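Given next are the chains, with one letter for each unit.
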Amino acid sequence: KKVCHVKPNDNTDISVGGDNVNNDNIISKVIDSQYFEEPTEVPTDEPTDLLENEENSGSENDVDDGICCADGTCKDLDDYLTQCENKLNGVEFIKDSEDNLKIIKITTSTASVEIYRFGATLTSWIVDGEERIFLSKKAVLDGTGPIRGGIPLVFPQFKADLTEDLPFHGFARISNWRLGAIDATSEDRKEISFILTNDEVNEEYLKIWPHQFELVYTVTLDGKSLKTNMKITNTGDDKFLFNTLLHTYYNVKDLTKAGVYGLLGNTYIDTTPEGNYERKVEDRERVPIVKETDYIYVDVNQNLFKAQTGFENDINIEKYTFQDVIIYNPWIAKSRTLEDLGEEGYPHMLCVEVGRVSQPIELEAGSVYEGGQTITVE
Ligand SMILES: O=P(O)(O)OC[C@H]1O[C@H](O)[C@H](O)[C@@H](O)[C@@H]1O
């Protein structure tokens, strides 16, 4: 078995933070996060495979933010790449011309994903030979701007909702994340996590949003399912406000057959120019994509959705903790204004995004907020 794992870093209190939480909300969040928590199995018969355990912490080999490698020593990232590269079954490290880690490709017996270190943006999810995630042909992939397509991670703000002075949709999608843990022990199920803290973020942003935080983004490939989990910890001494979103772009084979099920009866804000931020109630069982669509469904209690993208098999989307859902397609006029998409791009994409954007989440010092989605090809 080959497992690389980051060392546990602190004694952070695992409580669940929340926005305007009442007791019911707290309970459901705790249940949700417990239910979806999938702790990495520690192979007790092979103790040196995995050093993320209590006994090891505090030993001489401990390196802050270090990575414990399969050979039983803690390494920094560069050593980690040297040590673990080619040792992890189904994990490929793709480097740029300057030998910096650029993309990680993970392959299981049924599926594969590609994730850029920049923004921890997942740009490909191939299941049974079919690409289910959209990546614009014009996407900027050199780290100079957000990637158009994939699953950009929105944090700490949605659009410019906290302040115009921070980047649109926040800085997480344009920051270089650290590698966290990789579990490549099984053929069918593999997991990788990425970490972003205030230490990795451009200090100019922190002058505007002066908070200490840790994001752990975990991607789990399991058969025909892909789980993306965002865990946000307030590591500072003061509470902060944030929004977050998994801005998933699905690959569309035939837009005339595209639609989303599961939103009937929910209130949404129509943020298209035509909709003018009007609040409406969804009266369609299936929302088709036939014009510019940019709807924010607010406080959606229902957790199961279905995205039709013109492929033979639909995609089931199951969200947890997150209360809001966005459906987005820029259509013709807006696409023309998006240089990295272009008019030819919009027929091939449909965003179904889960997160919390309709109001800020307040996170107390030491608290954790965790939410995500599991998407499954039927
Ligand atoms: O172009 P971006 O900055 O990536 O934003 C893309 C889109 O994100 C979300 O879906 C918002 O609801 C849209 O209003 C926005 O246009």
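As the structure is a computational prediction, the values presented were derived from the model and not from experiment. (Residues numbered from 1 in each chain as written. Predicted model: local features only at pLDDT ≥ 70, side-chain atom pairs only at ≥ 80, totals over all residues. Heavy atoms only, no water.)

1. Quick notes on the overall build of the chain
Regarding its fold elements, the chain presents four helices and 25 strands. Looking at the chain as a whole, 54% of its 378 residues are labelled buried. Of the roughly 16,800 Å² of accessible surface on the chain, 44% is carried by carbon and sulfur atoms. (Helix = DSSP H or I, 4+ residues; strand = E, 2+ residues; numbered from the N terminus. Buried < 20%, exposed > 50% of the residue type's maximum accessible area, 1.4 Å probe, protein only. Areas by Shrake-Rupley, 256 points an atom, 1.4 Å probe, with all protein chains shown as cover.)

2. Re the site of the ligand
In the vicinity of the ligand lie 13 residues, with Arg-173, His-247, Asp-294, Lys-334 and Glu-353 positioned nearest. At a separation of 3.3 Å, an oxygen atom of the ligand approaches a polar side-chain atom of Tyr-328. Within the complex, 90% of the 390 Å² of free accessible area of the ligand lies under protein. Residues belonging to the shell around the ligand are distributed by class as follows: five nonpolar, two polar and six charged. (Near = heavy atom within 4 Å. Polar contact = N/O pair within 3.5 Å; in protein donor to acceptor, adjacent residues only side chain to side chain. Nonpolar A, V, L, I, M, F, W, Y, C, P; charged D, E, K, R; others polar.)

3. As for the sheet that holds strand E6 (residues 111-116)
Hydrogen bonds between backbone groups are what pair the strands of a sheet, and the pairing can be parallel or antiparallel. The sheet built from five strands is open, its strands ordered E4-E5-E6-E7-E8 with antiparallel pairing. Each of the sheet's edge strands pairs with one partner strand only, and the pair in question is strand E4 (91-95) and strand E8 (130-131). Pairing geometry for E6 and strand E7 (residues 122-127), over five bridges, is antiparallel. Among the inter-strand pairings, Ile-115 is bridged to a residue of E7, identified as Leu-122. (Pairing = 2+ DSSP bridges.)

4. Concerning the pattern of salt bridges
Oppositely charged side chains can pair when the atoms bearing their charge come close. One pass over the structure, following the stated rule, counts 17 salt bridges. Where Arg-189 meets Asp-222, a salt bridge forms, and the shortest distance between an N and an O atom there is 3.9 Å. Taken together, the positions of Arg-189 in strand E11 (residues 189-197) and Asp-222 in strand E12 (residues 213-222) put the pair 33 residues apart, joining distant regions of the chain. Among the residues examined, Asp-222 registers a relative accessible area of 37% and is labelled partly exposed. With a closest N to O distance of 2.9 Å, Arg-356 and Asp-324 form a salt bridge. (Salt bridge = Lys/Arg side-chain N within 4 Å of Asp/Glu carboxyl O.)

5. Things to note about the side chain of Asn-251
Mapped onto the elements of the fold, Asn-251 is located in strand E15 (residues 249-251). Non-local contacts of Asn-251, meaning those with residues more than four positions away in its chain, are made with Glu-131, Arg-132, Ile-133, Phe-134, Thr-309, Phe-311 and His-348. (Contact = heavy atoms within 4.5 Å.)

6. Examining the nonpolar core
In terms of nonpolar packing, the biggest core is built from 70 residues, with Trp-125, Trp-177 and Phe-213 touching the most fellow members. Ranked by size, the runner-up nonpolar core spans 15 residues in total, among them Tyr-249, Ile-326, Cys-351 and Val-357. (Core = buried A, V, L, I, M, F, W, Y, C linked by side-chain atoms within 4.5 Å.)

7. Quick notes on the pairing of strand E20 (residues 293-297)
Of all five residues that make up E20, five are buried, and the element is covered over most of its length. Of the two faces of E20, both are covered, the one formed by Thr-293, Tyr-295 and Tyr-297 as well as the one formed by Asp-294 and Ile-296. Looking at chain direction, strand E17 (residues 267-270) and E20 are connected through three bridges and run antiparallel. By the bridge assignment, Ile-269 is partnered in E20 with Ile-296. Here E20 runs beside strand E23 (residues 324-329); their pairing, made up of five bridges, is antiparallel. Its bridge partner lying in E23, Thr-293 is registered against Asn-329.

8. With respect to the packing of aromatic side chains
Here the structure, examined in full by the defined rule, presents 18 aromatic pairs. Taking 5.9 Å as the distance between ring centres and 65 degrees as the angle between the ring planes, the aromatic pair formed by Phe-171 and Trp-209 counts as edge-to-face. With Phe-171 in the loop between strand E9 (153-154) and strand E10 (178-183) and Trp-209 in the loop between helix H3 (203-208) and E12, the pair connects residues that are 38 residues apart, well separated along the chain. According to the relative accessible area criterion, Phe-171 is buried, its value standing at 0%. (Phe/Tyr/Trp six-rings, centres within 6.5 Å; stacked < 30°, edge-to-face > 60°.)

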